[in-house]
Amino acid sequence: MGNIQVNQVYYPKQPLKTAQNQETTKSSFADQLKQTLQSQVSFSHHAKVRLQQHGISLSDHQLQKLNDGVASAREKGSKESLMLMKDLAFVVSVKNNKVITAMKQDSMENQIVTNIDSALIL
């Protein structure tokens, strides 16, 4: 720094960030946003109809528990899971982040749940 004189052009030793580095940051943000949106469980048409038929509405806390359950099932390698939450039951496609069907547990008497590879109690 002692060698710089007034009106002399200064060339920094480190190169400036290029547009390519900035694009990488943007795409990484886009990837994170996409991942966050995909981590939210969605409901199939059949599941939505079942929720309406049984008069079930889920609170934000219940949805968060369901999302956490799907994440736990995914970590264990599950593909299709039965998730039990108090008096509710959900069959969830873990690989698609989608609730396939929903029901109240009291209406599950004498019901058989098939094509699942795991069960979680939330």
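Residues numbered from 1 in each chain as written. Predicted model: local features only at pLDDT ≥ 70, side-chain atom pairs only at ≥ 80, totals over all residues. Heavy atoms only, no water.

## Regarding the layout of surface pockets
Phase 1: Each pocket or cavity is described by its volume, and for the largest pocket that value is around 240 Å³.
Phase 2: Residue lining of the largest pocket: Arg50, His54, Val91, Ile100, Thr101, Met103, Ser107, Gln111, Ile112 and Val113, and that is the complete set.
Phase 3: Per-element accounting of the lining of the largest pocket gives the leading share, 3 residues, to strand β4 (residues 98–104).
Phase 4: Counted by class, the lining of the largest pocket contains 5 nonpolar, 4 polar and 1 charged residues. (1 Å grid on protein atoms, 1.4 Å probe; cavity = no way out; pocket = protein on both sides within 12 Å on 5 of 7 lines; lining within 4 Å. Points joined across faces, edges and corners; volume = space filled by probe spheres on them. Helix = DSSP H or I, 4+ residues; strand = E, 2+ residues; numbered from the N terminus. Nonpolar A, V, L, I, M, F, W, Y, C, P; charged D, E, K, R; others polar.)

## A look at the pairing of β4
Phase 1: Across 2 bridges, strand β1 (residues 42–43) lies against β4 in parallel orientation. Residue pairing for β4: Ser42 is matched across the bridge by Lys98.
Phase 2: Of the pairings in the sheet, the one linking strand β3 (residues 88–93) to β4 comprises 6 bridges and is antiparallel in character. Across the sheet, residue Ser93 finds its bridge partner in β4, namely Lys98.
Phase 3: The hairpin formed by β3 and β4 contains 4 residues between the paired strands, and Asn97 there has a positive phi angle of roughly 55 degrees. (Pairing = 2+ DSSP bridges.)

## Re the sheet that holds strand β2 (residues 80–85)
Phase 1: Taking strand neighbours across the sheet as the criterion, the 5 strands line up as β1-β4-β3-β2-β5 in an open arrangement whose pairing is mixed. Pairing within the sheet leaves two strands with one partner each, and these edge strands are β1 and β5 (118–121).
Phase 2: Strand direction decides the pairing type here: β2 and β5, joined by 4 bridges, are parallel. Each bridged residue has a counterpart across the sheet, and for Ser81 the counterpart in β5 is Ser118.
Phase 3: Along the sheet, helix α2 (residues 45–53) makes contact with β1, β3 and β4, crossing β4 at roughly 20 degrees.
Phase 4: Running at roughly 145 degrees to β2, helix α3 (residues 60–75) makes contact with β1, β2, β3, β4 and β5 of the sheet. (Contact = heavy atoms within 4.5 Å. Axes fitted to C-alpha atoms, helices over the stretch in contact; angles between N-to-C directions.)

## Details of the pairing of β3
Phase 1: Along β3, 6 of the 6 residues are buried, which leaves the element largely enclosed by surrounding structure.
Phase 2: Neither face of β3 is exposed, since Leu88, Phe90 and Val92 on one face and Ala89, Val91 and Ser93 on the opposite face are all buried.
Phase 3: Sheet topology note: the β2/β3 ladder contains 6 bridges and is antiparallel. Along β3, the bridge assignment pairs Ser81 with Val92.
Phase 4: A loop of 2 residues connects β2 with β3, the two strands running antiparallel in sequence, and Lys86 in this loop sits at a positive phi of about 50 degrees. (Buried < 20%, exposed > 50% of the residue type's maximum accessible area, 1.4 Å probe, protein only.)

## Re the side chain of Asn67
Phase 1: Relative to the assigned elements, Asn67 resides in helix α3.
Phase 2: Accessibility expressed as a relative area gives 9% for Asn67, which makes it buried.
Phase 3: A polar atom in the side chain of Asn67 sits 2.7 Å from the backbone nitrogen of Val41. (Polar contact = N/O pair within 3.5 Å; in protein donor to acceptor, adjacent residues only side chain to side chain.)

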